[in-house]
Amino acid sequence: MRMLSQVLQAQYGEKVYKLSLSSGCSCPNRDGTLGYGGCTFCSEGGSGDFAAPFAPIETQLAAAKQRIARKTDAKKFIAYFQSYTNTYGDPARLEALYREAIAPEEIVALSVGTRPDCLGAPVMQMLERLNQVKPVWVELGLQTAHDETARQLRRGYPLSVFDDACRRLQAAGLTVIVHIIFGLPGETHEMMLDTVRHVAGLQPDGVKLQMLHVLRGTALGLQYEQTPFPLLELEEYAALIAESAAILPPQTVVHRLTGDAPGPLLIAPEWTRNKKRVLNTIRRALRRAGVENL
Ligand code: SF4
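Keep in mind it's a predicted model, so treat the numbers as computed, not measured. (Residues numbered from 1 in each chain as written. Predicted model: local features only at pLDDT ≥ 70, side-chain atom pairs only at ≥ 80, totals over all residues. Heavy atoms only, no water.)

(A) Examining the pattern of salt bridges more closely. Applying the stated criterion to the full structure yields 15 salt bridges. A salt bridge links Glu 95 to Arg 99, with the shortest nitrogen-to-oxygen separation between them at 3.0 Å. With Glu 95 and Arg 99 both in helix H3 (residues 91–102) and four residues apart, this pair spans about one turn of that helix. When its relative accessible area of 12% is taken as the criterion, Glu 95 is described as buried. What makes Arg 99 partly exposed here is its relative accessible area of 35%. With a shortest N-O distance of 2.8 Å, Arg 197 and Asp 194 are connected by a salt bridge. Remark: Asp 194 and Arg 197 occur in helix H7 (residues 189–202); sequence separation between them is three residues, near one turn of the helix. Beyond isolated ion pairs, a larger network of salt bridges with shared partners links Glu 95, Arg 99 and Arg 129. (Salt bridge = Lys/Arg side-chain N within 4 Å of Asp/Glu carboxyl O. Helix = DSSP H or I, 4+ residues; strand = E, 2+ residues; numbered from the N terminus. Buried < 20%, exposed > 50% of the residue type's maximum accessible area, 1.4 Å probe, protein only.)

Put into structure tokens, the structure is as follows:
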């Protein structure tokens, strides 16, 4: 199993860090185009680890570097637009913004988080042009391959739309990264592995695996507080990661083994707060499964 940090280190010969930036986009699942509340698990921050405020790109780059200065002395970066739907807007405005973000030499790639139903022809052409300048990664939040779960999550698109977008992005030579969430309400162990199998069949460049975080201020949080539903235990989650590692194609890079729970918003599960313990448990599960990693 190849982790992103290892791949970047091998490719660039040094550490590469992500700079969280904002494109100023909303999400059709939040602004009323598809719905108002967003996906039931999505927080006000639009499902980003850190929702940077929108400002001129130069200001955002400087602020993002300052935020990570205590954590790393990295000299190379990825311009990372994760929160909300970063292809949902005027392609001309977005192209200018992204060109500016990837212009500095120290920026080695552009990463945009989006939805598969926000990849029309003008957007695809824009991404292809940007991909000629620096590698463009497109992160798609699939979460589950099960349409019934997706309907309950109010994701707002069926699996067929995701499959089609994935193939179009691949045909255009863009780097495709797929987000999967384990522990969604109503899903069994086998259903979660079905999602991994489905994604593996599409041979994406990367995956992000994440435990469901039940957050305050979300529809799912409200649902959980009214009628708590079962959540995965840490050992079960770690076993799912190990099983996924055996299913995913060797060339698919794992970008994430667990998410960072936004502390004050987290309702459950409590164990996700201790990232060190989570990663150690996952490492043990991987070793038990004979998976080389980390
Ligand atoms: S598509 Fe993404 S940003 Fe939009 S509501 Fe769902 S998780 Fe949130």
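(B) Molecular detail of the layout of surface pockets. A volume near 1,200 Å³ is recorded for the largest pocket. Lining the largest pocket are 32 residues, and of these Tyr 17, Lys 18, His 255, Asp 260 and Lys 275 lie nearest its centre. Elements represented by at least two residues in the lining of the largest pocket include exactly helix H1 (4–12), strand S2 (16–20), helix H2 (57–68), strand S9 (253–256) and helix H10 (275–288). Residue classes in the lining of the largest pocket are distributed as 14 nonpolar, seven polar and eleven charged. (1 Å grid on protein atoms, 1.4 Å probe; cavity = no way out; pocket = protein on both sides within 12 Å on 5 of 7 lines; lining within 4 Å. Points joined across faces, edges and corners; volume = space filled by probe spheres on them. Nonpolar A, V, L, I, M, F, W, Y, C, P; charged D, E, K, R; others polar.)

(C) Representation of the nonpolar core in the model. If you look at the biggest cluster of nonpolar residues, it comprises 82 residues, and the most contacted ones within it are Phe 81, Leu 127, Phe 182 and Leu 212. Sorting elements by how many residues they give to this core places helix H9 (residues 234–247) first, with seven residues. Excluding anything up to four places from it in sequence, Phe 81 contacts Leu 21, Ser 22, Ser 23, Ile 57, Asn 86, Leu 97, Tyr 98, Ala 101, Leu 110, Ser 111, Val 112 and Gly 113. Judged by nonpolar contacts, the second largest core, of ten residues, contains Val 108, Trp 137, Ile 177 and Val 253. (Core = buried A, V, L, I, M, F, W, Y, C linked by side-chain atoms within 4.5 Å. Contact = heavy atoms within 4.5 Å.)

(D) Just the environment of Ala 246, in detail. Structurally, the position occupied by Ala 246 is in helix H9. Taking the C-alpha atoms as reference points, Ala 246 and Gly 24, separated by 222 residues in sequence, lie 38 Å from one another.

(E) Highlighting the state of the cysteines. Applying the stated rule across the entire model yields zero disulfides. Free of any disulfide, Cys 25 has its nearest neighbouring cysteine sulfur in Cys 118, separated by 9.0 Å. There is no disulfide at Cys 166, and the cysteine sulfur nearest it, in Cys 118, is 16 Å away. (Disulfide = S-S within 2.5 Å.)

(F) Local environment of the pairing of strand S6 (residues 175–182). Of all the eight residues making up S6, seven are buried; the element is thus mostly covered by neighbouring parts of the structure. The pairing of strand S5 (residues 136–143) with S6 spans six bridges and is parallel. In the strand pairing of S6, Val 138 is matched with Val 176. Across six bridges, S6 lies against strand S7 (residues 206–211) in parallel orientation. Of the residues in S7, the one forming a bridge with Ile 180 is Leu 209. (Pairing = 2+ DSSP bridges.)

(G) Expanded view of the packing of aromatic side chains. Enumeration according to the criterion identifies four aromatic pairs in this entry. For the pair Tyr 237 and Trp 271, a centre-to-centre distance of 5.8 Å together with 40° between the ring planes defines the contact as tilted. Highlighted residues: Tyr 237 in helix H9 and Trp 271 in the loop between strand S10 (266–268) and H10, separated in sequence by 34 residues. In terms of burial, Tyr 237 and Trp 271 fall into one category: buried. Put simply, the rings of Phe 182, Tyr 237 and Trp 271 touch in pairs and so form one group of aromatic residues. Taking the ring centre of Tyr 80 as reference, the NZ or CZ of Lys 18 above it sits at 4.5 Å. Lying across the ring of Tyr 157, Arg 155 places its NZ or CZ 4.1 Å from the centre. (Phe/Tyr/Trp six-rings, centres within 6.5 Å; stacked < 30°, edge-to-face > 60°. Lys NZ or Arg CZ within 6 Å of the ring centre and 35° of its normal.)

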